[in-house]
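Observations on chain architecture
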Amino acid sequence: MIERLLLQMGRLLLAAGALALLVALLDGLPVSTAVGCAVGFLIGREPLPDLWFLLTHRLGGVRLALISYGRGRRLWRGTIAGVPVEVGLRPTSGLYLPWCLLPSRTPRLRLWLASTGQAVLHAGLGLWLATSFTGPTRGIGFGLLFTFGLLALTRGKSLVSSLWPVLVLPFAGPEALGDEVWTPHGFEAERLLLQGRIGEARGRVEEAPIAPHEAGVAAVIVLAQGRYQGAEELARAALEHDWNNINAHSFLGLAIVGQVDSGELSPERGVARLGPALAAFGHNDRAIVRSVLPAADLARFTGDHEAAVRAARRLRSGYRVSLWIALAECSLAAALIAAQRAEEARKALARARREYPELARIADVERLLEHEPPPATAPR
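Residues numbered from 1 in each chain as written. Predicted model: local features only at pLDDT ≥ 70, side-chain atom pairs only at ≥ 80, totals over all residues. Heavy atoms only, no water.

On to the pattern of salt bridges, then. Note that side chains of opposite charge can pair when their charged atoms are close. Counted by the stated rule, this structure contains 20 salt bridges. Of the charged contacts in the structure, one is a salt bridge between Arg300 and Asp297, with a shortest N-O distance of 2.8 Å. Placement of both Arg300 and Asp297 in helix α14 (residues 294-301) is noted, with a separation of 3 residues, approximately one turn of the helix. Residue classification places Arg300 among the buried residues on the basis of a relative accessible area of 8%. By relative accessible area, which is 1% here, Asp297 ends up buried. Linked through salt bridges whose partners overlap, the residues forming this network are Arg74, Arg77, Glu86 and Glu355. (Salt bridge = Lys/Arg side-chain N within 4 Å of Asp/Glu carboxyl O. Helix = DSSP H or I, 4+ residues; strand = E, 2+ residues; numbered from the N terminus. Buried < 20%, exposed > 50% of the residue type's maximum accessible area, 1.4 Å probe, protein only.)

If you want it as structure tokens, here you go:
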């Protein structure tokens, strides 16, 4: 509910900002300044907060699990300062920076210092440009100030790029950070998973008990290894501990899909369990249901093969993480097999293997090719 309100507030602020800029133009604002405002908005919306976060995250006790830029096929993978880095083919407006807050002696103070530093850098740069220059440079400053206000009002209780750690955290109770602090081995498992090193990630989780809010990591490991019944149990347990709903329901759905593709469940029983799993998440927001990957597999199980192909293609293009790209390629391949387009399915599976070689679902979908009916031939 709160997330939807923040989303609507962000849209209203964007509309109000655009209207204010139009009125200012009609009232005599120089076009160059207006262009500068647009440029400042684009810079301040994602690239600049990403830069501030990269500069200050260590101070806040935060560790990065991955730095990713771009979507689609990976052009380069490597490691910088111990952090995995990936560059995708299609440009994006900002970086993808999954992170974890690790235990420290003074977590509140460190978060406050880092968040205050981000706020001062962002607002200070915008104020300096807006008051010390003219023309497009001044407009850039106004754009940065607008995005600062936008982020401050719409990020809610986020620990990064928001004012919550600055204004609220110092006065909040001891449970304020609660599920935000990860165990070191849980964080290492998350980082290894993002690199596709499933076996090593499982070893980290088995070294010591993980916290309840880290159940998602265990669910990903079990799912990636093809232990689908166990993944379903862990996803349901994660839902009980308030794990991020869209992730929990996606993994729950994929665990059911995996059981169907591996032969553990019949397609009919899969539909009977998959439909309610998705509906339970999306009864208030059907658009989000259509945005989760198992929805494409549900279309395949119900016989709408071309719709499944279209959905899987669309979802694949939106993912930044190799695991999810590979899972989407598997869903696409399965839909293509059902549509009797075997050669395209093999290409999708090859892309999945390139993205995430250890993913067990690749072999499950490959086995579906063995049972593919021969293509129909026209009568002579």
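A few words on the environment of Gln225. Residue placement: Gln225 occurs in the loop between α9 (215-224) and α10 (228-240). The partly exposed category is assigned to Gln225, whose relative accessible area is 28%. Considered as a pair, Gln225 and Glu358 are 133 residues apart in the sequence and their alpha carbons are 7.7 Å apart. Side-chain polar atoms of Gln225 contact the side chain of Arg202, separated by 3.3 Å. In terms of polar contacts, Gln225 uses its side chain to reach the side chain of Arg227, at 2.7 Å. (Polar contact = N/O pair within 3.5 Å; in protein donor to acceptor, adjacent residues only side chain to side chain.)

A grouping of Leu25, Val31, Val35, Val39 and Ile43 is seen on the molecular surface, where their side chains present a nonpolar patch of about 380 Å² in accessible area. In terms of residue count, the dominant contributor to the nonpolar patch is helix α2 (residues 31-45) (4 residues). Within the secondary structure layout, Val31 lies in helix α2. (Patch = residues over 30% accessible without salt bridge, like charges linked within 9 Å, V, L, I, M, F, W, Y side chains within 5 Å. Areas by Shrake-Rupley, 256 points an atom, 1.4 Å probe, with all protein chains shown as cover.)

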